[in-house]
Structure formats: structure tokens, C-alpha cells
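# Architecture and fold: a report
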Amino acid sequence: IKAYAEMSLEKKKKNESKRKEDMDIIVEEVDRLTILVNDILTLSKMQSNIEELNIEEFDLISLIDEILSRYKVLKEIENYKLIFTHRVKKAFIKADKKKIEQVIYNLVNNAINYTGDDNTVVINIKDDDVIRIEIIDSGKGIKEEDIPYKRKF
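Predicted, not measured: the structure shown is a model, and the values here were computed from it. (Residues numbered from 1 in each chain as written. Predicted model: local features only at pLDDT ≥ 70, side-chain atom pairs only at ≥ 80, totals over all residues. Heavy atoms only, no water.)

### Overview of the sheet that holds strand 4 (residues 120–127)
Strand-to-strand pairing in sheets goes through backbone hydrogen bonds, with the strands running parallel or antiparallel. To keep it simple, the criterion reads: Any two strands are treated as partners once DSSP identifies two or more bridges connecting them. Each helix corresponds to a stretch of at least 4 residues labelled H or I by DSSP, and each strand to a stretch of at least 2 residues labelled E; elements are numbered beginning at the N terminus. Here, axes are lines fitted to C-alpha atoms. For helices the fit covers the stretch in contact, and angles between N-to-C directions go from 0 to 180 degrees. In this description, contact between two residues means that some pair of their heavy atoms is separated by no more than 4.5 Å.
Spatially, the three strands line up as an open sheet ordered 2-4-5, and their pairing is mixed. Two strands close off the open sheet at either side, each with one partner strand: strand 2 (81–86) and strand 5 (131–137). If you compare each strand with its neighbour and ignore which way they point, the axes differ by 10° on average. By the bridge criterion, seven bridges tie strand 4 to strand 5 in an arrangement that is antiparallel. Counted as the bridge partner of Val 121 is Asp 137 from strand 5. Across the sheet, helix 3 (residues 60–69) touches strand 2, strand 4 and strand 5, and the angle it forms with strand 2 is around 175°. The strands that helix 5 (residues 97–114) touches are strand 2, strand 4 and strand 5; relative to strand 5, the one it contacts most, it runs at about 25°.

Shown next, in the form of C-alpha cells:
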């Protein structure tokens, strides 16, 4: 955020479109930071057993599209490839939308942080008897000796 703000301050007033683009990036990054802070607050509430679920019906595919749109900067500047595949146009589920959003956002973030040199993350929606989300990166993966400690969901 600071780097974009400094770059924007250094640019000449003539290039107003580039300045606006930098400001848009700053706003997006502040939004991401806000989400991370809210995640920490939510975790704290959950650990204190004061967090309640807000169950609603929503389209999971639209939610994932919205989450992936936050990574526009990474795609444009650092050439990350976020590939989202799904066989259906809509996938309605009943869940706590904000919690599902946090989980998917955190998993995508983790995949981006640990992906390989190809900077590729694949997000699949599989809709057989149940809806399943796969988030795949090309990183090294979990060390063989750490696999017994891997959490299973």
C-alpha cells in the first residue's frame, strides 16, 4: 500500500489515469487488509464461543468470482493465473456466506503464496452428490514427514 501511495505521489499530475489506477489498487489492498483484520477478530470471537452462524442461500460460483476479482492486481502485475472451472452456471448452497468467503479467500491466498514458478492456482467446483471446492497450486506441497500432522477436512 505504501509503495503504491509513494509511486502515486511521485507521478506528474499529467498522468491522471495512472494515478487513478494506483489509487484503485490502494483501495483494493486496504479492503484486503480489512478482511484480514476482520478474520482475526472473527477467530477471536469463535474461540470465545460468542460467534453465531448466519445461514443463508447464495450462489457459490458468484461468490468465488467476486473473491477472485480481488486478485486483479496480482494477475496484471505479477502474471498470476487464477483458473476457475465449474460445470454448472450456478451452485446454490445454504451456509454462512461470510464464513465461507473467509475460508475460500484464505485458501486462495495460501495457494498464491505457495504456488510454484508458474504462478498458477486452479479453483474447481465439483458438483456430484455434494458441492466440493478444490484449490490447487503447483508448489512443493507438504513435506513427507509433516503429512501425519496434516489436517483433514
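From this point on, the discussion continues.
### Here we look at the pattern of salt bridges
Rules: In the sections that follow, a salt bridge refers to a side-chain nitrogen of Lys or Arg positioned within 4 Å of a carboxyl oxygen of Asp or Glu. Classification of residues uses two cut-offs on accessible area relative to the type maximum, computed with a 1.4 Å probe and protein chains only: under 20% is buried, over 50% is exposed, and between them is partly exposed.
Going through the model one piece at a time under the given rule, you end up with eight salt bridges. Two residues, Arg 87 and Asp 128, come together in a salt bridge whose shortest N-O distance is 3.2 Å. In this pair, Arg 87 sits in the loop between strand 2 and strand 3 (92–96) while Asp 128 sits in the loop between strand 4 and strand 5, placing the two residues 41 residues apart along the sequence. There is no split in this pair, since Arg 87 and Asp 128 are both exposed.

### What about helix 2 (residues 16–47)?
Where we set the bar: To estimate how far a helix should reach, multiply one less than its number of residues by 1.5 Å.
For helix 2, spanning 32 residues, the distance from its first C-alpha to its last is 47 Å, which sits close to the expected 46 Å at 1.5 Å a residue. Considered for burial, the residues of helix 2 that qualify are Arg 19, Asp 22, Ile 25, Ile 26, Arg 32, Asp 39 and Thr 42. Of the surrounding elements, those touching the buried residues of helix 2 are helix 1 (2–10), helix 4 (72–77) and helix 5.

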